[in-house]
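Working through the structure, step by step
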Amino acid sequence: MSLTGKPPPEIRIEGENCPRAVVEWYQCSASKDQRHDFDLSLKAKKHLVSLGWIFSYCDKKTRWELRYKSPSGKTYISLRTACKACIEENNKDSSSTSNGSHQSLPVASPSSAQQPTSSKVTGGRPRRRKKPSDDEDWTPTSHQLSNLVSPRGGGGRRRDSGESPNAARKVTRERSSSDNPNLPAFRNPRTILSWLIDNNVVAQEAWVFCCGGKDNELVKRGKLFRSGIGCHCCDSLLTLSQFEVHAGCKGQPPSASIFLEHDTRSLLDCQYQALMMIKANNNGDNDHHHENDSICSICLKGGFILLCDRCPASFHAECIGLDHVPPGDWFCPSCSCRICNRPKCREDSSRQESHLANNFIACYQCHRRFHIGCLAASRDFAFLEMETDCNELWFCNKACEKIFLTLNSMLGKPILVGDGNLTWTLLTSLKNSNNDNDDDGYITEMESKLNVALGVIHECFEPIIDPVFGRDIAADIMFSRYSWLPRMNFTGFYTVILERNDEVISVANTRIYGQKVAEVPLVATRNQYRNQGMCRILMDQLEKLLVKLGVEKLLLPAAPNLIKFWTNSFGFAKMTHSDQYYYVGYPLANFPDTTLCHKSLKQPLMLC
């Protein structure tokens, strides 16, 4: 059957300087198992386009075959031969421009570098140097690799990743998403697909399909890769949503309508399986802090500490602005009423009405605690009576309720920011919420994306382990885990992520205590995306949201080597001791050897 008369598939490849991908594709395409990396081949094609190569399709009657035309006009029938020609041409150009003191090495296999001219074993017949062929494994020299760059952009020099300052506050290690040092960073994108592959739930290059139409018939097929799905019909690398649109399917989320061919599991089912595996490997929950803490909740150091008589928290007297140890029962700032600042509002506990008045109720958004009796005596009592039947969701004022509703209306909805298909998304963990209905996969998608974001945090930071309980603080913050100990209680945290084509680039965690203050304890940008303004875009979008919600202050703990980065580039300032005393009532996430910084946001907008 001839394809004559039908247009060839559209070629959508933009140029990008990726010289190492050309070399690595040439090497891996010669492997015996022939399991090529689609991501790597796409990078190689992008580099060829950046050098002026032209791709076109050839009609072979039963299929379209891709052809590669070099800037010199020569056409190649495979990507491997095109990559080899590209390497040889750059090596030749480098030799012609040298001063003659260095001679370019021949393009040959390493075994032929020192070939004898004659051999008695073979009867004295001279051996000829073999010409390189596509069937040989050839390793380019460092000289050849260094010259394989795009002539655009001032020579196309690649910045050493080690020279880039970190957009997060502390980075002392770099590792790939699969912890395999043999894989270059750009081959390990942080996506849901790469997370599924790393957890051995799906296999790379597994065939998938999307069904649609009246009869729910197969519409499109493709292969799974870390960066997306390689479409079988057009050789394009697509995100999950792009593949769904390309196939004309209508699933919500897209992973619900894309299935594995070998066992017909949907990618949404695969995400749920990965989450169950992680849950099974979790050796306990976070709600086990029933004894008093052995370190101060402010400075995270030991010594002579005050013990709260209501919760397990401990404090140095000087850290909370006290000059002496108070007599009798003492409640920490997190356990005291925000109206009377006392553990009890009525001392006559024998009467039932006094006992009820001394009970506490906490705002679901700002986490501030109030005596029932203090609220009853204030003008907010009418609001209290109106909201007490809301299944544990109570808000101390209309502003906190508005903040909560606004944040939850944004969850999981990507917002386009700037150019280059960048999106900004707000996430939070809902698996412990009152919403147990996940028929549409909403919670599963959210939890999966949070696990991908946690991978970025773990990639950029040294392990952040609590010195007393051995908890992974980054994971507890990411999944908003509860603890009775205030400094380990991370409920109310949201995660903001910056993505491009489903790949997570930057991550930040934030918690909003009403309109008074918000905190951002962790900010991270992947190494290959630093110095490109990604952290700036993420923080700008977060600050715009906080201003919209009327938040007045933003707090951030900075590592010593990055205080200047946050103060000079982002407008933060180091907090004084008097400033810190003002926020002791908020259970802020804190880390050892960090300096708390703050920033005043723009004039908050009035919430109607």
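The chain goes by Increased DNA methylation 1 in an unreviewed UniProt entry, where it is assigned to Arachis duranensis.

1. Overview of unusual backbone geometry
We note that L300 has phi near 60 degrees; this positive angle belongs to a residue other than glycine. Structurally, L300 is set in the loop between α7 (267–281) and β9 (306–307). At N501, a residue that is not glycine, the phi angle is positive and equals roughly 55 degrees. By the element assignment, N501 lies in the loop between β15 (493–500) and β16 (503–513). N501 gets classed as partly exposed once you look at its relative accessible area, which sits at 35%.

2. Description of helix α6 (residues 240–247)
For α6, the set of buried residues is L240, F243, E244 and A247. An end-on view of α6 places all buried positions within 100 degrees of arc, on one side of the element. Once α6 finishes, G248 follows within two positions and takes phi at roughly 75 degrees, a positive value.

3. Let's talk about the sheet that holds strand β17 (residues 517–525)
Ordered by their spatial adjacency, 8 strands build an open sheet running β13-β14-β15-β16-β17-β18-β20-β19, and the pairing between neighbours is mixed. The two strands at the open ends of the sheet, each matched to only one other strand, are β13 (415–416) and β19 (573–574). The pairing of β19 with strand β20 (residues 595–600) spans 2 bridges and is classified as antiparallel. Following the sheet pairing, K574 is matched in β20 by C597. Relative to β16, helix α12 (residues 442–460) is tilted by about 100 degrees, and along the sheet it contacts β14 (422–427), β15, β16 and β17. On top of the sheet, helix α15 (residues 563–570) reaches β17, β18 (553–558), β19 and β20; it is set at about 150 degrees to β18, its chief contact.

4. Details of the packing of helix α14 (residues 534–549) against α15
A pair of packed helices is characterised by two quantities: the angle between their axes and the separation of those axes. In the contact formed by α14 and α15, the axes pass within 13 Å of each other and the chain directions differ by 65 degrees. Handedness of the crossing formed by α14 with α15: right-handed. On α15, the residues that touch C535, R536 and M539 of α14 are W566, S569 and F570. Each residue belonging to the contact of α14 with α15 can be placed in one class, and the counts come to 4 nonpolar, 1 polar and 1 charged.

5. Let's talk about the packing of aromatic side chains
Enumeration according to the criterion identifies 16 aromatic pairs in this entry. On the basis of an interplanar angle of 80 degrees and a centroid distance of 5.2 Å, the ring pair of F565 and W566 is categorised as edge-to-face. For F565, a relative accessible area of 22% translates into the label partly exposed. A relative accessible area of 0% means that W566 is categorised as buried. Measuring from ring centre to ring centre gives 6.0 Å for W566 and F572, while their planes differ by 90 degrees; the resulting arrangement is edge-to-face. The lysine or arginine in question, R338, covers the ring of Y586, its NZ or CZ lying 5.1 Å from the ring centre. For K599, the ring lying beneath its charged end belongs to F572, and the centroid distance is 5.6 Å.

Parameters and conventions
Residues numbered from 1 in each chain as written. Predicted model: local features only at pLDDT ≥ 70, side-chain atom pairs only at ≥ 80, totals over all residues. Heavy atoms only, no water. Helix = DSSP H or I, 4+ residues; strand = E, 2+ residues; numbered from the N terminus. Buried < 20%, exposed > 50% of the residue type's maximum accessible area, 1.4 Å probe, protein only. Arc of directions from axis to C-beta. Pairing = 2+ DSSP bridges. Contact = heavy atoms within 4.5 Å. Axes fitted to C-alpha atoms, helices over the stretch in contact; angles between N-to-C directions. Left-handed = near helix turned anticlockwise from the far one by under 90°. Nonpolar A, V, L, I, M, F, W, Y, C, P; charged D, E, K, R; others polar. Phe/Tyr/Trp six-rings, centres within 6.5 Å; stacked < 30°, edge-to-face > 60°. Lys NZ or Arg CZ within 6 Å of the ring centre and 35° of its normal.

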